[in-house]
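# Close look at the chain arrangement
So you can see what is in the structure, the chains are spelled out below.
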Amino acid sequence: MALGPVLVIGLDPVRIPGWDPEPVVAAIARGQARFGEHGIEADLCLVVPDEDAEGAIVEALTGKDYACVVVGGGIRKHEPLLELFEKVVNLVRQHAPGAAIAFNSSPEDTADAALRWLR
């Protein structure tokens with residue numbers, strides 16, 4: 001049985017200055033591979049808060065009919081990004097009203113977060 005598709009919205013670790021993005025890039029790759037193990041099509045929408053994050057998210061949400069949207073912890077857990085988190089949730093409600101909204105605890109368990117809502 002095919003599940004999905006899923007959109008994963010998160011921060012682009014490569015474009016956030018001041019730290020080594022490689023561990024997060026590797027974790028995202030491992031998390032995306034887990035979708036493949038479950039036969040789930042999953043797209044990434046990685047944004048930078050100071051750029052046109054809202055536009056990129058709307059473009060991603062309207063590009064396909066998603067069964068689930070996972071919002072990453074980088075957006076949810078960093079208090080200065082609370083307003084962006086609110087925007088993301090409301091953009092999902094507006095542009096993908098039929099999609100479940102899920103939250104991961106790390107990039108590696110993103111597929112698990114989506115699977116809670118796809119089954």
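As a starting point, this report considers the structure included with it. Just so you know, these numbers come straight off a predicted model, no measurement behind them. (Residues numbered from 1 in each chain as written. Predicted model: local features only at pLDDT ≥ 70, side-chain atom pairs only at ≥ 80, totals over all residues. Heavy atoms only, no water.)

### Quick look at the sheet that holds strand 1 (residues 3-11)
Taken together, the four strands give an open sheet; going across it, the order is 2-1-3-4, and neighbouring strands pair in parallel fashion. Pairing within the sheet leaves two strands with one partner each, and these edge strands are strand 2 (40-47) and strand 4 (100-103). Neighbouring strand axes in the sheet, compared pairwise and without regard to direction, differ in orientation by 25° on average. In the sheet, strand 3 (residues 68-71) pairs with strand 4 via four bridges, with the strands oriented parallel. Considered in strand 4, the bridge of Cys 68 is made with Ala 100. Here helix 1 (residues 22-37) sits on the sheet in contact with strand 1 and strand 2, set at roughly 155° to strand 2. Packing against the sheet, helix 2 (residues 53-62) makes contact with strand 1, strand 2 and strand 3, and its axis sits at approximately 165° to strand 2. (Pairing = 2+ DSSP bridges. Helix = DSSP H or I, 4+ residues; strand = E, 2+ residues; numbered from the N terminus. Axes fitted to C-alpha atoms, helices over the stretch in contact; angles between N-to-C directions. Contact = heavy atoms within 4.5 Å.)

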